[in-house]
Amino acid sequence: MGRMRQAGHRSGRARRPVWLTLAIIALAAGTLVYRSGFDGAIERADGERGPQARNSSTQEAEQELHGAESETNEGWGELTEIAPGVFESTAGLVYKPGSREGHRIDHVLRHAEDAPERPIHGVFDGGRDEIFAVLDEAWSIARQRGPPVKIERNGQRTTYTIDMGRRVGYVGGGAGLRNGYPAASHIRLVLEDRDVITAFPLNP
Amino acid sequence: MEHFGICAACGQGAKRLRACASERHFLILCDECDAAWFTLEDEAPTYLKQPDLPCPACGASLVQPPSRWATLDEIRQLGWGDDLVSKSE
Ligand SMILES: [Zn+2]
Ligand SMILES: [Zn+2]
């Protein structure tokens, strides 16, 4: 069962006028903001099963909107339900229903742990929140189209291979077992438009 | 896990034989990125429409039940048993 977590409070934010806060509250009304629990089980705050969500407090919704405007890493990896079952991350990645796991969130989270039966299987460091945060960081780098990013396009599909410049996980699966589970410093992000098809750490 | 090798499109997934939800057709599908191939000789993948991945032959989903991975027996009956890189009996 998913472990519900509260979005962390952030320090150092500038105060904004009351009218602006009220406007943001109005905009955020009805929006679900969630931070995920780790074990892949998904439970909405309204009791329905489905991509994980919980009702946010107004303050958290306000923080989510604030984070979306920012290019800093504050709030990266937070997912907001923008349509039923459709979640957008702080950096703008979109996770929709799909895949044999039922939702792209769960498809990506297969890479939260090793899968020895697979021939190769990148495994992210950290838990669920860290995974969606590092994917947002990778996407932010990819959008800058700098040298650490390799981009391949095929129709509406784009594959980004991003050099994160540090360890972000390890190579698992059969290949990992044979090679001593080497550290992985790149992230491959497979998108259709901004919709995440899959993402995993690797050494290209 | 039966598969025909690593998907060249994503470099991560295994190319596996998938039965569509009508269970009348089989397609090679990457279990990571959903790249699809009609034959093992095809190099360029096809990308079916997300999220349901409709079967090119009948439109039935390659994701929704009762779509499933083909059994080893089915792979052998199709004559592709020798092309498997890995198989578990
Ligand atoms: Zn693939
Ligand atoms: Zn079919």
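Preceding this section is the structure that the text describes.
Residues numbered from 1 in each chain as written. Chains lettered and ligands numbered in written order. Predicted model: local features only at pLDDT ≥ 70, side-chain atom pairs only at ≥ 80, totals over all residues. Heavy atoms only, no water.

Colleague: Before we go on, may I ask you to explain the overall build of chain A in this structure?
Modeller: Across its full length, chain A carries five helices and 11 strands. Here chain A holds 204 residues, and 53% of them are scored as buried. Look at the contacts in chain A between residues 6 or more apart in sequence, and 54% of them connect residues 24 or more apart. Accessible area for chain A stands at about 9,500 Å²; split by element, carbon and sulfur atoms hold 52% of it. (Helix = DSSP H or I, 4+ residues; strand = E, 2+ residues; numbered from the N terminus. Buried < 20%, exposed > 50% of the residue type's maximum accessible area, 1.4 Å probe, protein only. Contact = heavy atoms within 4.5 Å. Areas by Shrake-Rupley, 256 points an atom, 1.4 Å probe, with all protein chains shown as cover.)

Colleague: Honestly, the coordination of the zinc ion (ligand 1) in this entry has me stumped. Any pointers?
Modeller: In ideal tetrahedral geometry, four donors around a metal make angles of 109.5 degrees, whereas ideal octahedral geometry with six donors gives angles of 90 or 180 degrees. Residues and elements named next belong to chain B. Within the protein, Cys7 (SG), Cys10 (SG), Cys30 (SG) and Cys33 (SG) serve as the donor atoms for the zinc ion (ligand 1), at 2.3 to 2.4 Å. Spacing between the donor residues of the zinc ion (ligand 1) along the chain follows C-x2-C-x19-C-x2-C. On the accessibility criterion, Cys7 (1% relative accessible area) is buried. Since its relative accessible area comes to 1%, Cys10 is described here as buried. (Donors = N, O, S within 2.8 Å, 3.2 Å for Na, K, Ca; no water.)

Colleague: Can you help me understand the environment of Ala142(A) in this one?
Modeller: All names here are of chain A. Tracing the backbone shows Ala142 in helix H4 (residues 128-144). Between the alpha carbons of Ala142 and Tyr160 there is a distance of 6.9 Å; along the sequence they are 18 residues apart. Among all residues touching Ala142, those that are not within four sequence positions of it are Val149, Tyr160 and Ile162.

Colleague: Please explain the pairing of strand S1 (residues 15-19) of chain B as it appears in this structure.
Modeller: All names here are of chain B. Taken across its five residues, S1 has five buried, putting it largely inside the fold. Burial along S1 is two-sided: the face carrying Lys15, Leu17 and Ala19 and the face carrying Arg16 and Arg18 are both buried. The pairing of S1 with strand S2 (residues 26-30) spans five bridges and is classified as antiparallel. In the sheet register, Lys15 faces S2, and the bridge partner there is Cys30. The hairpin turn running from S1 into S2, its antiparallel successor, is six residues long, and Glu23 in that turn takes a positive phi close to 60°. Pairing between S1 and strand S5 (residues 68-69): two bridges, direction antiparallel. By the bridge assignment for S5, Ala19 is matched with Arg68. (Pairing = 2+ DSSP bridges.)

Colleague: So what exactly am I meant to see when it comes to the nonpolar core here?
Modeller: Nonpolar side chains in soluble globular proteins tend to be buried together. All names here are of chain A. By size, the foremost hydrophobic cluster in this structure holds 29 residues, and its most contacted members are Tyr95, Leu135, Ile162 and Leu189. Elements with a minimum of two residues in this core: helix H3 (104-109), H4, strand S7 (157-163), strand S10 (186-192) and strand S11 (195-202). If one sorts the elements of this core by residue count, H4 sits on top with eight residues. With near-sequence residues (within four places) excluded, Tyr95 lies in contact with Leu79, Gly85, Val86, Phe87, Ser89, His103, Arg104, Ile105, Val108, Phe132, Leu135 and Val196. (Core = buried A, V, L, I, M, F, W, Y, C linked by side-chain atoms within 4.5 Å.)

Colleague: Even after reading the chapter, I still don't get the sheet that holds strand S9 (residues 183-184) of chain A, so can you show me in this structure?
Modeller: As a general point, the strands of a sheet are linked pairwise by backbone hydrogen bonds and lie either parallel or antiparallel. All names here are of chain A. Pairing in this open sheet of three strands is antiparallel, and the strands run S5-S8-S9 from one edge to the other. Strand pairing shows two members of the sheet lacking a second neighbour, strand S5 (121-124) and S9, which therefore form its edges. As defined by bridge partners, strand S8 (residues 169-172) adjoins S9 across two bridges and the pair is classed as antiparallel. Opposite Gly169, over in S9, you have Ala184 as the bridge partner.

Colleague: Could you clarify how one ought to interpret the coordination of the zinc ion (ligand 2) in this entry?
Modeller: Residue and element names in this part refer to chain B. Around the zinc ion (ligand 2), the protein contributes the donor atoms Cys20 (SG), His25 (ND1), Cys55 (SG) and Cys58 (SG), which lie 2.1 to 2.4 Å from the metal centre. Geometry at the zinc ion (ligand 2) is tetrahedral, judged from its four donor atoms and the angles of 104 to 115° they form at the metal. Within one chain, the residues serving as donors to the zinc ion (ligand 2) are arranged as C-x4-H-x29-C-x2-C. With His25 in the loop between S1 and S2 and Cys58 in the loop between strand S4 (46-47) and S5, the pair connects residues that are 33 residues apart, well separated along the chain. Owing to a relative accessible area of 22%, His25 belongs among the partly exposed residues under this scheme. (Tetrahedral: all angles 85-135°; square planar, octahedral: opposite > 155°, others 65-115°.)

Colleague: What exactly am I supposed to notice about the interface of chain A and chain B here?
Modeller: The parts lose accessible area when they come together, and the size of an interface is often stated as this lost area. At the junction of the two partners, chain A supplies 21 residues and chain B supplies 22 residues. Both faces combined, the contact of chain A with chain B buries some 1,700 Å², and carbon together with sulfur accounts for 47% of it. Among the residues of chain A in contact with chain B, Arg100(A), Pro119(A) and Arg157(A) are the three that bury the most area, contributing 35% of the side total. Scanning the region where chain A abuts chain B turns up five salt bridges. Residue Arg110(A) is joined to Glu32(B) by a salt bridge in which the shortest nitrogen-to-oxygen separation is 3.0 Å. Mapped by element, the contributors of at least two residues to the side of chain A that touches chain B are H3, S5, S10 and S11 of chain A. Class assignment of the residues belonging to the side of chain A that touches chain B gives a composition of five nonpolar, eight polar and eight charged. (Buried area = accessible area lost by both parts, 1.4 Å probe. Salt bridge = Lys/Arg side-chain N within 4 Å of Asp/Glu carboxyl O. Nonpolar A, V, L, I, M, F, W, Y, C, P; charged D, E, K, R; others polar.)

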